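# Results of the structural survey
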Amino acid sequence: MTRGDFLSRLGSGDVIVADGAMGTMLQAAGLPSGMAPEAWLLESPESVIGVHRAYLDAGADLILTCTFGATQPRLERSGLGGRGGEINRRAVEIAREAANGDAFVAGDIGPVGEFLAPLGELSYEEAVEIFAEQAGALVEAGVDVLYIETMAALDEVKAAVEGALKAGNGTPVTATLSFDSHGRTNMGVRPGEAAEVLVELGVDGVGANCGATLDMTLAAVEAMREVAPEMPLIAKPNAGTPRLVDDDVVYDAAPEDMAAYAQRFVDLGVKIVGGCCGSTPEHIAAIADAVRS
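The following paragraphs examine the structure supplied in this document. All of these numbers come straight from a predicted model, not from anything done at the bench.

Parameters and conventions
- Numbering of residues begins from 1 in every chain and follows the order in which that chain's sequence is written.
- Under the rules for a predicted model, residues below a pLDDT of 70 receive no local features and side-chain atom pairs below 80 are neither given nor counted, while totals for whole chains, interfaces and linings still include all residues.
- Excluding hydrogens and water, the side-chain figures rest on all heavy atoms present in the structure.
- Each helix is a run of DSSP H or I of at least 4 residues and each strand a run of E of at least 2, with the numbering of both proceeding from the N terminus.
- Each radius of gyration reported is based on C-alpha atoms, and the globular scaling rule is 2.2 Å times the count of residues to the power 0.38.
- Note on classification: 1.4 Å probe, protein chains only; a residue is buried when its accessible area is under 20% of the maximum for its type, exposed when over 50%, partly exposed between these limits.
- Contacts between residues were defined by any pair of non-hydrogen atoms, one from each residue, lying within 4.5 Å.
- The rule for pairing is simple: two strands pair if DSSP sees at least two bridges between them.
- Axis geometry follows a simple rule: fit a line to the C-alpha atoms, using only the stretch in contact for helices, then measure angles between N-to-C directions, giving values from 0 to 180 degrees.

## Considerations on the overall build of the protein chain
Of regular secondary structure, the protein chain possesses 12 helices and 10 strands. Taken over the C-alpha trace, the protein chain has a radius of gyration of 17 Å; the compact-globule value for 293 residues is 19 Å, and the two agree within 12%. In terms of overall dimensions, the protein chain has a C-alpha envelope of 45 × 45 × 40 Å along the principal axes. Evaluated residue by residue, the protein chain yields a buried proportion of 55% over its 293 residues. In the protein chain, the share of contacts with a sequence separation of at least 24, taken over all contacts with a separation of at least 6, comes to 78%.

Right, here's the structure in full:
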């Protein structure tokens, strides 16, 4: 599949089923406590391939590379400074091997993990270059779309989009934010406000991922639709609300719950639907069955 195929599919009436959680799946597969998934990607690529294949077998049309934390500042904090190009390229190779030409590969780009000025020391221009560096490596390795996710600050998501567009060489760019508090991100961004800004920047899709509750993600997507009715929408929520059970984090949404919400997302016009934290291949299989029935 190619970037052109992705845009064609996104503009069609078909729903693209995305994958689910990567981090919690890798933990279940043996990711050592405290180790970054990007480090384990290099040490145990078969584990990452296994996660990708499990989601593909469940019915996913789109899988995200294991690069959520592969911007240079986050890699430096994980002891992987200077290896960003290698990690991003290897992650795409692994995802491509798993997909085997039968699914789209999205280059996953997450937050840098620090505040931009004036709250922090990182300037907007520096952030753009950081995101452009990761996006360039992902594009060079052959992703179908640059998939920016779990953003909270408007200036950071703008920098990520600008960097992706700068380095993307025409590769489609999508962006989602996480809405966690009173219908806003934890930095106070409203869904409609985000959609308006992102559409103006020229993204190919907008939406919500992660988030505090399924209802909150649903409300965020609905607000985005009101502002940008023609823009393809994305919903990739957590598997419900997390709670602690015997020192383990457990998410309260069963596969059938996620499937019911997936259908509600699609009824709102969502074109890409999947899962985020706590979601498993069983959740994705239920989603795929629901939206394709």
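On we go.
## Focus: the pairing of strand S7 (residues 233–237)
Both faces of the sheet carry side chains from a regular strand, because those side chains alternate between them. Counting buried residues along S7, 5 of its 5 residues qualify, which places the element largely inside the surrounding structure. With burial as the criterion, each face of S7 is covered, one bearing Leu233, Ala235 and Pro237 and the other bearing Ile234 and Lys236. Across 5 bridges, strand S6 (residues 205–210) lies against S7 in parallel orientation. Note that in S7 the partner of valine 206 across the bridge is leucine 233.

## Focus on the side chain of threonine 176
Inspection of the secondary structure puts threonine 176 in strand S5 (residues 173–177). By relative accessible area, which is 0% here, threonine 176 ends up buried. For threonine 176, the residues in contact, after removing those within four places along its chain, are Tyr147, Ile148, Glu149, Thr150, Met151, Gly207, Ala208, Asn209 and Ile234.

## Remarks on the sheet that holds strand S3 (residues 104–109)
Adjacent strands of a sheet form backbone hydrogen bonds with each other and so pair up, either parallel or antiparallel. Read across the open sheet, the 8 strands follow the order S1-S10-S7-S6-S5-S4-S3-S2; overall the sheet is parallel. Since the sheet does not close on itself, it has two edges, and those belong to strand S1 (16–17) and strand S2 (62–64), each with one partner. Looking at chain direction, S5 and S6 are connected through 4 bridges and run parallel. Across the sheet, residue leucine 177 finds its bridge partner in S6, namely alanine 208. The strands that helix H8 (residues 154–167) touches are strand S4 (145–151) and S5; relative to S4, the one it contacts most, it runs at about 170°. Each of S5, S6, S7 and strand S10 (270–273) touches helix H10 (residues 214–227); the most contacted strand, S7, lies at about 170° to it.

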